[in-house]
Amino acid sequence: MTHLLTTPFSLRGLSLRNRIVISPMCQYSAQDGYANDWHVVQYGRFAVGGAGLVFVEATCVTPDGRGTLGDLGLWDDAHVAPLARICAFIHDQGAAAGIQLAHAGRKGATQRPFDGGVPLTAEPDDRGERTWPVLAPSALAMADGWQTPVGMTLEDIASVKASYADAARRALAAGFDVIELHAAHGYLIHEFLSPLSNLRTDAYGGDAQGRMRFPLEVAKCLRDIWPDDRPVFVRVSAVDHVDGGVEIDDTIAFSKALKSVGVDVVDCSSGGILGAATVGRAPRGPGFQVPYAEAVRNQADIATMAVGLITSPEQAEAILQAGQADLIAIGREALENPNWPLHARRTFGDDGFSQWPPQHGWWLERRAALMKR
Ligand SMILES: Cc1cc2nc3c(=O)[nH]c(=O)nc-3n(C[C@H](O)[C@H](O)[C@H](O)COP(=O)(O)O)c2cc1C
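The present account deals with the structure reproduced in this document. (Residues numbered from 1 in each chain as written. Predicted model: local features only at pLDDT ≥ 70, side-chain atom pairs only at ≥ 80, totals over all residues.)

## As for the overall build of the chain
No. 1: Secondary structure assignment for the chain yields 11 helices and 13 strands.
No. 2: Against the globule reference of 21 Å for 373 residues, the chain gives a C-alpha radius of gyration of 20 Å, in line with a compact fold.
No. 3: Residues counted as buried form 49% of the 373 residues belonging to the chain.
No. 4: When contacts within the chain are restricted to residue pairs at least 6 apart in sequence, those whose partners lie at least 24 apart make up 70%. (Helix = DSSP H or I, 4+ residues; strand = E, 2+ residues; numbered from the N terminus. Rg over C-alpha atoms; globule rule 2.2 N^0.38 Å. Buried ≥ 20, exposed ≤ 12 C-beta atoms within 10 Å, placed from the backbone. Contact = placed C-beta atoms within 7 Å.)

## Points about the pairing of strand 12 (residues 303–307)
No. 1: Within strand 12, 5 of the 5 residues are buried, leaving the element largely enclosed by the surrounding structure.
No. 2: Going residue by residue along strand 12, you find Ala303, Met305 and Val307 tucked away on one face and Thr304 and Ala306 tucked away on the opposite face as well.
No. 3: In terms of handedness, the path from strand 11 (residues 265–269) via helix 7 (residues 290–300) over to strand 12 forms a crossover that is right-handed.
No. 4: As defined by bridge partners, strand 12 adjoins strand 13 (residues 327–330) across 3 bridges and the pair is classed as parallel. Looking at the pairing, Ala306 lines up with Ile328 of strand 13. (Right-handed = clockwise from strand over helix to strand, strands pointing away. Pairing = 2+ DSSP bridges.)

## A few points about the site of the ligand
No. 1: Residues in close proximity to the ligand total 20 residues, the closest being Ser23, Met25, Ala58, Gly331 and Arg332.
No. 2: Elements with a contribution of two residues or more to the shell around the ligand: strand 4 (53–60) and helix 9 (332–336).
No. 3: Of the residues contributing to the shell around the ligand, the split by class is 9 nonpolar, 7 polar and 4 charged. (Near = placed C-beta within 6 Å. Nonpolar A, V, L, I, M, F, W, Y, C, P; charged D, E, K, R; others polar.)

## So, the nonpolar core
For soluble globular proteins, the rule of thumb is that nonpolar side chains tend to be buried together.
No. 1: The biggest cluster of nonpolar side chains holds 102 residues, and the ones touching the most others in it are Val21, Val54, Ile179, Cys268, Met305, Ala306 and Ile328.
No. 2: Residue contacts for Val54: discarding those within four places in its chain leaves Ile22, Tyr43, Phe46, Ala47, Ile90, Ala95, Ala97 and Gly98. (Core = buried A, V, L, I, M, F, W, Y, C linked by C-beta atoms within 7 Å.)

## Focus: helix 8 (residues 313–321)
No. 1: The set of residues buried in helix 8 consists of Pro313, Ala316, Glu317 and Ile319. For helix 8, the angular spread of buried residues about the axis comes to 155 degrees, placing them on one side.
No. 2: Close packing links the buried residues of helix 8 with helix 7, strand 12, strand 13 and helix 10 (340–347).
No. 3: Gly323 occupies a position one or two residues after helix 8 and carries a positive phi of about 70 degrees. (Arc of directions from axis to C-beta.)

## Section: the packing of helix 1 (residues 37–48) against helix 2 (residues 80–92)
No. 1: The N-to-C vectors of helix 1 and helix 2 enclose an angle of 20 degrees; their axes lie 9 Å apart at closest approach. Put simply, helix 1 runs roughly parallel to helix 2. Judged by the twist between their axes, the crossing of helix 1 over helix 2 is right-handed. Between helix 1 and helix 2, the contacting residues are His39, Val40, Tyr43, Gly44 and Ala47 on the first element and Arg85, Ile86, Phe89 and Ile90 on the second.
No. 2: In terms of residue class, the contact of helix 1 with helix 2 is made up of 6 nonpolar, 2 polar and 1 charged. (Axes fitted to C-alpha atoms, helices over the stretch in contact; angles between N-to-C directions. Parallel < 35°, antiparallel > 145°, perpendicular 65-115°, else oblique. Left-handed = near helix turned anticlockwise from the far one by under 90°.)

## A look at the environment of Val134
No. 1: Examined against the element boundaries, Val134 turns out to sit in the loop between strand 6 (96–102) and strand 7 (135–136).
No. 2: Using a count of 25 C-beta atoms within 10 Å as the deciding quantity, one classes Val134 as buried.
No. 3: Sequence spacing of Val134 and Lys107 is 27 residues, and the spatial spacing of their C-alpha atoms is 8.0 Å.
No. 4: Those residues in contact with Val134, other than ones at most four positions away along the chain, are Asp64, Gly105, Arg106, Gly108, Ala109, Gln147 and Pro149.

## Quick notes on unusual backbone geometry
No. 1: Located in the positive-phi region is His185, a residue other than glycine, with phi close to 60 degrees.
No. 2: If you trace the backbone, His185 turns up in the loop between strand 9 (178–183) and helix 4 (188–193).
No. 3: In this structure, His241 takes a positive phi of about 65 degrees despite not being glycine.
No. 4: Its place among the elements puts His241 in the loop between strand 10 (232–237) and helix 6 (248–260).
No. 5: The class of His241 is buried, set by 22 C-beta atoms lying within 10 Å.

## Section: the pairing of strand 4
No. 1: Counting buried residues in strand 4 gives 8 out of 8 residues, a clear majority hidden from the surface.
No. 2: When strand 3 (residues 20–22) meets strand 4, the two strands line up parallel, connected through 2 bridges. Among the inter-strand pairings, Ile22 is bridged to a residue of strand 4, identified as Val54.
No. 3: Inspection of the sheet shows strand 4 paired to strand 6 by 7 bridges, in the parallel sense.

Next up, the structure:
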């Protein structure tokens, strides 16, 4: 039997060695937006571990669009060099490199999750960090205790769009193969899409067409900058899990529109519009978001990536074989085992180590032979 998970997949001019993608995962470990040795090791080990595509975490397009002061950034040309180093290492290991562009919107200006995760205030916290004004489609706080954002003017909209464009050009200069627009988890682009956070009455709000306008303008702008032979992904919260919020039919309509501006893959996550992804009526179990990837794939006729509590190669393979998604994103399971893709090959019967980097595989091959004697 041919296993789809471990066989190559092509998107435009990019050939991935398998269909396993490392999901973007913020490390909250940057300073002033710069990637450092932590990021080299974090992303490098996933490339060593055999993934087809390694995504670098949500990378902010403006300093005030950061969720935390530890977020990566691409608002300055000087951010390019350390990211280029990461890209080069990922490529050396035979993987493709992706980067997710983000703006936290009204969810900005918080502590790192592992430092408390609460909104920063005007008073410095015990790390000396204090808040800054944040932008959103409407001046509506996410929840009690959260900052009321500044509702964006048309000038703000144009300026943030230009920041996405500049960041995309820098991502290209760094050598990334794939760019992903973060339009999920309650951050700025998602805030435009959801009726729970977009109360605008101008062309960028109101009905679904109006709410999609800014997200589509940004997606189109990334597509225009990104070379024709390289794919563009968009991560969506396919469902808000909150009454009155985004439902799957809205996401199918959005995905059709994304396809029409040249987006290649819709990465189907969910939740986050009113706080943590766990707020709301989400059913949380293995592969709980897979039905969204399936609905978008079948009804919008666009490639999808499934993500969320996908932990075993068999589970991932079944999703691909059933035609529910084209790519499988692995998040926390890869934190536990960065060699997950290489182990998936072994699960499917490849008992050799030829796909492992020789620095490891040469030794493991010989040890395996010894143990067989
Ligand atoms: C430490 C951590 C950081 C994350 N950062 C991001 C991020 O930068 N962008 C994003 O879209 N999702 C982010 N996520 C969500 C993951 O990409 C993924 O969708 C989620 O963890 C569910 O997949 P999993 O069950 O395989 O972990 C993060 C998750 C974790 C655990």
